[in-house]
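Structure assessment
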Amino acid sequence: AVIARAVDALLPAAEAGEALPEEELDAMQTAFDEFERPFLALPEISSHRVPHRLLSAEFGTPMYRHLLEKLRSLASSTVEDMAAWHSKARRALLMRGGASPAFDDARVVAARNLERTLASLAAERAPALAQSD
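Residues numbered from 1 in each chain as written. Predicted model: local features only at pLDDT ≥ 70, side-chain atom pairs only at ≥ 80, totals over all residues. Heavy atoms only, no water.

**Some details on the pattern of salt bridges**
- According to the stated counting rule, one finds 3 salt bridges in the structure shown.
- Residues R49 and D33 are paired through a salt bridge, measuring 2.4 Å at the closest nitrogen-oxygen approach. In this pair, R49 sits in the loop between α2 (22-36) and α3 (52-55) while D33 sits in helix α2, placing the two residues 16 residues apart along the sequence.
- On the basis of relative accessibility, which here comes to 25%, the residue D33 falls in the partly exposed class. (Salt bridge = Lys/Arg side-chain N within 4 Å of Asp/Glu carboxyl O. Helix = DSSP H or I, 4+ residues; strand = E, 2+ residues; numbered from the N terminus. Buried < 20%, exposed > 50% of the residue type's maximum accessible area, 1.4 Å probe, protein only.)

Laid out in structure tokens, this is it:
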């Protein structure tokens, strides 16, 4: 809700070439900081924050067009889009390891079981495969 309100206030101002409302901008950036904090170290996950170089862009410049594109993209994002982003980020964090000891332990057990199963299947099927051309 905070992000949607901020974007609703920022986009019209940006499109008109007006100064961006600082309060709304700070609220949006802070909301993204809180939402994305656990995932910032993941290189495969991109942030929704508006980069500082875009925020300092002057009206009419190519960077300003990028600012407008970013704000329009945020304005068109749905709750489902954000939930999908969060799921992807959470999955990446878990797969990296270290975020959940229980999950890490379960992955080790599953990998060992898979290795044993594959070795058993290879041993079981090796004679038949050795006879085929």
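Picking up where we left off.
**Brief notes about a nonpolar patch on the surface**
- On the surface, L114, L118 and L121 cluster together into a nonpolar patch covering about 270 Å² of accessible area.
- With respect to the element layout, L121 can be found in helix α6 (residues 101-131).
- A residue is classified by how much of its surface remains accessible, and L121, at 34% relative accessible area, is partly exposed. (Patch = residues over 30% accessible without salt bridge, like charges linked within 9 Å, V, L, I, M, F, W, Y side chains within 5 Å. Areas by Shrake-Rupley, 256 points an atom, 1.4 Å probe, with all protein chains shown as cover.)

**A short note on the packing of helix α1 (residues 2-15) against helix α4 (residues 62-76)**
- Where α1 contacts α4, the axes come no closer than 10 Å and their chain directions differ by 150°. As judged from the angle between their axes, α1 and α4 are roughly antiparallel. Once α1 is placed against α4, the crossing between them reads as left-handed. Within the contact between the two elements, α1 uses V7, L10, L11, A13, A14 and E15 and α4 uses Y64, L68, L71, R72, L74 and A75.
- The residue makeup of the contact of α1 with α4, split by class, is 10 nonpolar, no polar and 2 charged. (Axes fitted to C-alpha atoms, helices over the stretch in contact; angles between N-to-C directions. Parallel < 35°, antiparallel > 145°, perpendicular 65-115°, else oblique. Left-handed = near helix turned anticlockwise from the far one by under 90°. Contact = heavy atoms within 4.5 Å. Nonpolar A, V, L, I, M, F, W, Y, C, P; charged D, E, K, R; others polar.)

**Here's the deal with the packing of aromatic side chains**
- What the rule picks out here adds up to 3 aromatic pairs.
- Ring plane angle 75° and centroid distance 5.2 Å describe the contact between F59 and Y64, whose orientation is recorded as edge-to-face.
- Residue class for F59 comes out exposed when judged on its relative accessible area of 54%.
- Linked through ring pairs, F35, F39 and W85 together constitute an aromatic cluster. (Phe/Tyr/Trp six-rings, centres within 6.5 Å; stacked < 30°, edge-to-face > 60°.)

**Let's talk about the side chain of E36**
- With respect to the element layout, E36 can be found in helix α2.
- No salt bridge forms around the buried E36; measuring N to O, its nearest opposite-charge neighbour R49 is 5.8 Å away.
- Here the side chain of E36 touches H48 through a polar contact of 2.6 Å, landing on its backbone nitrogen.
- With residues up to four places along the chain from it excluded, the contact list for E36 reads S47, H48, R49 and W85. (Lys, Arg positive; Asp, Glu negative; His and termini not counted. Polar contact = N/O pair within 3.5 Å; in protein donor to acceptor, adjacent residues only side chain to side chain.)

**With respect to the packing of α1 against α2**
- Here α1 crosses α2 at 145°, and the two axes come no closer than 9 Å. Judged by the sense of rotation from one axis to the other, the crossing of α1 with α2 is left-handed. On α2, the residues that touch V2, I3, R5, A6, V7, A9 and L10 of α1 are E24, L25, A27, M28, A31 and F32.
- When its residues are assigned to classes, the contact of α1 with α2 shows 11 nonpolar, no polar and 2 charged.

Limitation: the analysis is restricted to geometry and does not speak to function.
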